[in-house]
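# Structure at a glance
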Amino acid sequence: RCAPCSLNLMLSQAASEGIVFNSLQIRLCFRSWLAGMLAVLLALAPSASSNISTSRPNILLLMADDLGIGDIGCYGNNTMRQGTENYSPGAPSADISLCCPGWRMVSSIGYRVLQWTGASGGLPTNETTFAKILKEKGYATGLVGKWHLGLNCESASDHCHHPLHHGFDHFYGMPFSLMGDCAHWELSEKRVNLEQKLNFLFQVLALVALTLAAGKLTHLIPVSWTPVIWSALSAVLLLAGSYFVGALIVHADCLLMRNHTITEQPMRFQTTTPLILQEVASFLKRNKHGPFLLFVSFLHVHIPLITMENFLGKSLHGLYGDNVEEMDWMVGQILDTLDMEGLTNSTLIYFTSDHGGSLENQLGNSQYGGWNGIYKGGKGMGGWEGGIRVPGIFRWPGVLPAGQVIGEPTSLMDVFPTVVQLAGGEVPQDRYRTTQRNNSALHRHKGTMWKVHFVTPVFQPEGAGACYGRKVCPCFGEKVLHHDPPLLFDLSRDPSETHVLTPASEPVFYQVMERVQQAVREHQRTLSPVPLQLDRLGNIWRPWLQPCCGPFPLCWCLREDGPQ
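Nothing here was measured: the structure is a model prediction, and the numbers come from that model. (Residues numbered from 1 in each chain as written. Predicted model: local features only at pLDDT ≥ 70, side-chain atom pairs only at ≥ 80, totals over all residues. Heavy atoms only, no water.)

## As for the overall build of the protein
For the protein, the helix and strand inventory stands at ten helices and 19 strands. Across the 564 residues that make up the protein, the buried fraction comes to 57%. Carbon together with sulfur atoms contributes 58% to the accessible area of the protein, which is approximately 23,900 Å² in total. (Helix = DSSP H or I, 4+ residues; strand = E, 2+ residues; numbered from the N terminus. Buried < 20%, exposed > 50% of the residue type's maximum accessible area, 1.4 Å probe, protein only. Areas by Shrake-Rupley, 256 points an atom, 1.4 Å probe, with all protein chains shown as cover.)

Listed below in structure tokens is the structure:
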């Protein structure tokens with residue numbers, strides 16, 4: 001935390017901007033190309049730099065899910081509680097950063113993530129993750145938490161997309177992602193939509209059955225009883241399906257695995273957080289002689305915001321704030337374990353989030369998504385700062401000096417070359433390259449940070465700051481605006497993206513625009529067609545791909561007996 005003797009995270013804005021270090025604390029709010037920034041910081045501590053020249057650091061990556069940059073204390077939030085006397089003292093904030101950005105899990109129909117555990121899409125087997133490279137360099141590699149990059153290709157046990165096929169020695173967590181549907185929430189990803197469709201089809205077939213039966217009985221329709229019976233049976237099955245689809249989703253997607261074995265199906269949510277912490281501690285103890293790479297991909301703070309009882313009602317920001325404070329406590333527990341195992345000074349820690357807070361997670365007057373501070377937009381909005389600014393917080397006592405705040409931009413894609421270089425590996429030259437931010441692009445010129453938007457989502461209702469009434473803003477179609485000329489902002493002076501620059505208001509408008517357009521053209525020339533992993537065929541539920549710890553469809557088990 002950003003408070004004495006602790007590194008717990010008080011939720012703040014999700015802008016990869018800032019880092020905080022200390023022998024006991026991570027609090028640097030950071031933004032810079034990671035590898036270059038670390039080199040600069042190491043240069044500030046020559047004695048420490050020379051000491052690590054012949055040894056490689058342990059690497060601990062901590063990633064939150066949907067954390068807003070305005071949510072943690074070291075980014076300015078002073079309303080989230082951080083490690084008081086009620087919590088254990090001691091400690092300190094799918095997906096895409098795991099692989100080279102040359103790989104694209106794209107879709108032509110708008111899907112941005114896998115919809116089912118039993119779908120065939122996922123991280124292709126020929127991709128090179130940084131875990132693979134570090135494993136080849138002698139690192140023990142582990143992933144605890146969320147994966148959401150696919151599981152099976154052709155059978156329920158081939159595990160072609162499994163973390164253990166992508167460089168990790170050990171995996172414990174969800175092969176999918178935590179969802180509102182896991183807790184039968186009103187904020188539903190797919191249950192409500194499926195129930196509505198099944199109910200509609202039930203009504204259609206029930207009407208058909210009644211019409212045919214009436215016609216048969218009155219001799220107005222010359223038909224046998226066979227279509228009447230089949231349409232009635234189909235209607236009954238659809239009605240049953242609409243009733244049980246919620247339970248099907250819970251059993252199909254809300255499960256825990258250790259390596260290739262299902263340990264809980266469905267999950268018991270009140271024990272999930274303690275089990276994850278136990279698994280992290282077990283991994284650290286087993287591999288304390290190092291070097292190791294441990295990626296903790298938190299289920300927090302994604303809906304349904306599963307929170308242990310002793311954190312409920314403790315924050316000033318409802319259930320979302322409670323969940324954030326629980327994650328803060330979890331980070332503290334992990335750092336305590338590092339201290340107890342004597343790993344603190346030999347471990348580089350990086351805390352971040354996958355993207356900004358989800359503004360559309362609202363029910364009535366209650367907000368269940370993060371706060372993105374002064375930044376416009378949020379999760380899934382095609383490049384507005386509120387969706388892509390995430391915390392960047394480092395700690396490496398004795399190597400990185402405490403209290404440094406660096407204001408240069410970075411990207412989660414920079415994690416890949418940074419950890420590879422620190423481990424003594426080489427970044428693949430056939431695929432790794434810097435890419436543009438979704439539908440926007442950045443350009444640095446003479447100390448000014450320019451940003452260009454080519455496409456932006458249409459916020460709903462008009463004048464709102466998000467796409468309320470939808471799960472997420474669209475990236476294409478009728479609900480986006482294509483800008484010609486593109487929108488230009490100076491983030492150095494206007495981080496909130498409120499003042500669109502024009503040729504009349506900005507003397508170098510055309511020079512900046514031409515340089516950005518050139519960069520986009522150069523980037524597009526490097527792209528090549530790839531299989532659409534998130535398209536319809538790769539993103540539908542296939543019963544034969546469904547992981548099940550019993551004979552399908554009896555997918556229920558509780559094999560959890562503690563970390564292995």
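## Some points on the state of the cysteines
One way to say it: the disulfide is the covalent bond shared by the sulfur atoms of two cysteines. This model, assessed by the stated rule, comprises five disulfides. Note on cysteine connectivity: Cys153 is disulfide-linked to Cys160, with sulfurs 1.8 Å apart. Disulfide Cys153 to Cys160: torsion about the S-S bond roughly 95 degrees, handedness right-handed. The exposure class of Cys153 is partly exposed, given its relative accessible area of 27%. Each sulfur of the disulfide joining Cys467 and Cys473 lies 2.0 Å from the other. (Disulfide = S-S within 2.5 Å.)

## Looking at the pattern of salt bridges
Within this structure, the stated rule accounts for 15 salt bridges. Of the charged contacts in the structure, one is a salt bridge between Asp169 and Lys135, with a shortest N-O distance of 3.2 Å. Of this pair, Asp169 sits in the loop between strand 6 (140–146) and strand 7 (170–174) while Lys135 sits in helix 3 (residues 130–136), placing them 34 residues apart in sequence. Exposure remark for Asp169: the relative accessible area of 34% places this residue in the partly exposed category. Taking the shortest distance from any N to any O, the salt bridge between Glu385 and Arg389 comes out at 2.5 Å. The two residues Glu385 and Arg389 agree in class, both being buried. (Salt bridge = Lys/Arg side-chain N within 4 Å of Asp/Glu carboxyl O.)

## Digging into the pairing of strand 11 (residues 347–353)
The buried fraction of strand 11 amounts to seven of the seven residues, a majority that puts the element mostly inside the structure. Residues Thr347, Ile349, Phe351 and Ser353 line one face of strand 11 and the alternating positions Leu348, Tyr350 and Thr352 line the opposite face, and both faces are buried. As judged from the seven bridges shared by strand 4 (residues 58–64) and strand 11, these two strands associate in the parallel manner. For Asn58, the partnering residue across the bridge sits in strand 11 and is Thr347. Here strand 11 runs beside strand 14 (residues 393–395); their pairing, made up of three bridges, is antiparallel. If you follow Tyr350 over to strand 14, its bridge partner there is Phe394. (Pairing = 2+ DSSP bridges.)

## A few points about empty space enclosed by the protein
When its volume is computed, the largest cavity comes out at roughly 90 Å³. Lining the largest cavity are Leu178, Met267, Phe269, Thr272, Thr273, Ile276, Leu299, His300, His302, Leu305, Ile306 and Asn323. By residue number, the principal contributor to the lining of the largest cavity is helix 6 (residues 269–286), which donates four residues. Looking at the lining of the largest cavity residue by residue, the classes come out as seven nonpolar, five polar and no charged. (1 Å grid on protein atoms, 1.4 Å probe; cavity = no way out; pocket = protein on both sides within 12 Å on 5 of 7 lines; lining within 4 Å. Points joined across faces, edges and corners; volume = space filled by probe spheres on them. Nonpolar A, V, L, I, M, F, W, Y, C, P; charged D, E, K, R; others polar.)

## Looking at the sheet that holds strand 19 (residues 557–558)
If you walk across this open sheet you meet the nine strands as 14-11-4-10-6-7-8-9-19, and the pairing is mixed. A single partner strand is all that each edge strand has here, and the edge strands are strand 14 and strand 19. In this structure, strand 7 lies alongside strand 8 (residues 256–258), joined through two bridges in antiparallel fashion. The residue bridging Tyr172 from the neighbouring strand is Arg258, located in strand 8. Each of strand 6, strand 7, strand 8, strand 9 (261–265) and strand 10 (292–297) is contacted by helix 6, which is oriented at about 170 degrees to strand 10, the strand it contacts most. (Contact = heavy atoms within 4.5 Å. Axes fitted to C-alpha atoms, helices over the stretch in contact; angles between N-to-C directions.)

## Focus on the environment of Gln533
Relative to the helices and strands, Gln533 is located in the loop between helix 10 (509–525) and strand 19. Residue class for Gln533 comes out buried when judged on its relative accessible area of 14%. When the C-alpha atoms of Gln533 and Leu114 are compared, they prove to be 8.4 Å apart, with 419 residues separating the residues in sequence. At a separation of 3.1 Å, a polar atom in the side chain of Gln533 contacts the main-chain amide nitrogen of Gly122. (Polar contact = N/O pair within 3.5 Å; in protein donor to acceptor, adjacent residues only side chain to side chain.)

## Here's the deal with unusual backbone geometry
Cis peptide bonds are those with omega within 30 degrees of zero, and the linkage from Ile303 to Pro304 qualifies with 15 degrees. Within the secondary structure, Pro304 is located in the loop between strand 10 and helix 7 (318–340). For His184, which is not a glycine, the phi torsion comes out positive at approximately 55 degrees. Within the fold, His184 resides in the loop between strand 7 and helix 4 (191–218). On the basis of relative accessible area, His184 is assigned to the partly exposed category, the value being 48%.

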